[in-house]
Amino acid sequence: MNPSYILTLSCPDRLGLVHAVSGFLAQRGGNIEEAAQYNDLDTGLFFMRVQFACAQLTHEELKTQLGVFAQPYQMQWRLHARAEPMRTVIMVSKEGHCLNDLLFRWKSGLLPLDIRAIISNHRTFYQLAASYNVPFHYLPVNAANKLQVEAKQLEIIHSEAAELVVLARYMQVLSDDLCRQLSGSAINIHHSFLPSFKGAKPYYQAHDRGVKLIGATAHYVTAELDEGPIIEQDVARVDHSKTVEDLTTLGRDTESQVLARAVKWHSEHRVLLNGHKTVIFK
């Protein structure tokens, strides 16, 4: 079987881009297996994702030649070997529904991940991590040691060569510096349909307001709290008969599903950043 790759790119829109990319691959024996593109009329940018097989050139040779090809088009591009799962670190606090869901999907072969470590400010899930044979790092956080803990977190992320960090209900606000260092590679799950009900106890706020929909939002982490580019959102219908406990249960199910979809799309290189928004080739 020929090696398979995923090419993602963006550049200023112009005539003939699809032809140019497909022609570049065809000239090098690349067989396109899946392709999608999007022209953003508001920004004038072109986005494309191409999955292709190629035995004629190595990964490094393809990257070298892509670099030359991309320059006249002002392309930002990335080339990924499809067979390589994405190295991932998960961060969690005391609520484990998202963590448990991700671990189960990973071990079931439903997520193309290589989960390298779990970081937590509580000991709650060390046994769960052990049951999946994933290293567990307990790093308690307080106001006095926050920066030192973040330095240790970053050390773990770098030592595992992690390409993705998932905040699976990690209930600590990251510093601006750490957010910048993880830009585009850290996904958070927010327990509401943003921008509503920010902050603590969103389901209590929702119950108090008598809402008919509750939701969850997966987004990239930025220094602006809960304002990062949105990857996925979903909602669940509720009515006056639902208690806070009912809303919490429904909300946790929604959070798990939304985060899993966001992680899957990111790990399959289907999400491209478009300023404060995302382009997602499902």
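Residues numbered from 1 in each chain as written. Predicted model: local features only at pLDDT ≥ 70, side-chain atom pairs only at ≥ 80, totals over all residues. Heavy atoms only, no water.

Peer 1: What am I meant to see in helix 7 (residues 202–209) here?
Peer 2: Within an α-helix, residues lying three or four positions from one another point in the same direction, as the helix has 3.6 residues per turn. Taken together, the buried positions of helix 7 are occupied by P202, Y203 and A206. Down the axis of helix 7, the smallest arc covering the buried residues is 95 degrees, so these residues share one side. Positive backbone phi, at 70 degrees, marks G210, one or two positions downstream of helix 7. (Buried < 20%, exposed > 50% of the residue type's maximum accessible area, 1.4 Å probe, protein only. Helix = DSSP H or I, 4+ residues; strand = E, 2+ residues; numbered from the N terminus. Arc of directions from axis to C-beta.)

Peer 1: What is the right way to read the pattern of salt bridges from this model?
Peer 2: Oppositely charged side chains may form a pair once their charged atoms are brought near each other. Scanning the model with the defined rule gives 16 salt bridges in all. Between R261 and D234 there is a salt bridge, and its shortest N-O distance comes to 3.0 Å. Here R261 is found in helix 8 (residues 244–267), whereas its partner D234 is found in strand 11 (residues 230–237), with 27 residues between them in sequence. You can call D234 partly exposed: its relative accessible area is 27%. What you see here is one network of salt bridges that share partners, running through E34, R49, K264, E268 and R270. (Salt bridge = Lys/Arg side-chain N within 4 Å of Asp/Glu carboxyl O.)

Peer 1: How should the packing of aromatic side chains be read in this particular structure?
Peer 2: What describes a pair of aromatic rings is the distance from one ring centre to the other and the angle between the planes of the rings. Applying the stated rule across the entire model yields four aromatic pairs. Relative to Y73, the ring of F69 lies with its centre 5.3 Å away and its plane at 45 degrees, an arrangement referred to as tilted. Considered together, F69 and Y73 belong to a single accessibility category, that of buried residues. By the ring-pair criterion, three or more aromatic residues cluster together here, those being F24, F69 and Y73. Above the face of the W106 ring, K107 is positioned so that its terminal group lies 4.7 Å from the ring centre. (Phe/Tyr/Trp six-rings, centres within 6.5 Å; stacked < 30°, edge-to-face > 60°. Lys NZ or Arg CZ within 6 Å of the ring centre and 35° of its normal.)

Peer 1: Even after reading the chapter, I still don't get the sheet that holds strand 8 (residues 164–167), so can you show me in this structure?
Peer 2: Strands in a sheet are paired, the pairing made by backbone hydrogen bonds, and the direction either parallel or antiparallel. The sheet built from seven strands is open, its strands ordered 7-6-5-8-9-10-11 with mixed pairing. This sheet does not close on itself; its edge strands, each paired only once, are strand 7 (136–138) and strand 11. Strand-to-strand, the axes of this sheet are offset by a mean angle of 20 degrees, without reference to chain direction. With seven bridges connecting them, strand 10 (residues 213–220) and strand 11 associate as antiparallel partners. Residue pairing for strand 11: A218 is matched across the bridge by E232. Contacts from helix 5 (residues 146–159) reach strand 5 (86–92), strand 6 (113–120), strand 7 and strand 8, with the element oriented near 165 degrees to strand 6. (Pairing = 2+ DSSP bridges. Axes fitted to C-alpha atoms, helices over the stretch in contact; angles between N-to-C directions. Contact = heavy atoms within 4.5 Å.)

Peer 1: Would you mind showing me how to read the nonpolar core here?
Peer 2: Grouped burial of nonpolar side chains is what soluble globular proteins tend to show. Within the largest apolar cluster, 33 residues are counted, with the highest numbers of intra-cluster contacts made by L102, L103 and L259. Of all the secondary structure elements, the ones that give two or more residues to this core are strand 5, helix 3 (97–107), strand 6, helix 4 (126–131), strand 8, strand 9 (186–190), strand 10 and helix 8. Sorting elements by how many residues they give to this core places helix 8 first, with six residues. Ignoring sequence-local partners within four residues, the contact set of L103 consists of I115, I118, L128, Y132 and V134. L9, A20, M48 and V50 belong to the second-largest nonpolar core, a separate cluster that totals 22 residues. (Core = buried A, V, L, I, M, F, W, Y, C linked by side-chain atoms within 4.5 Å.)

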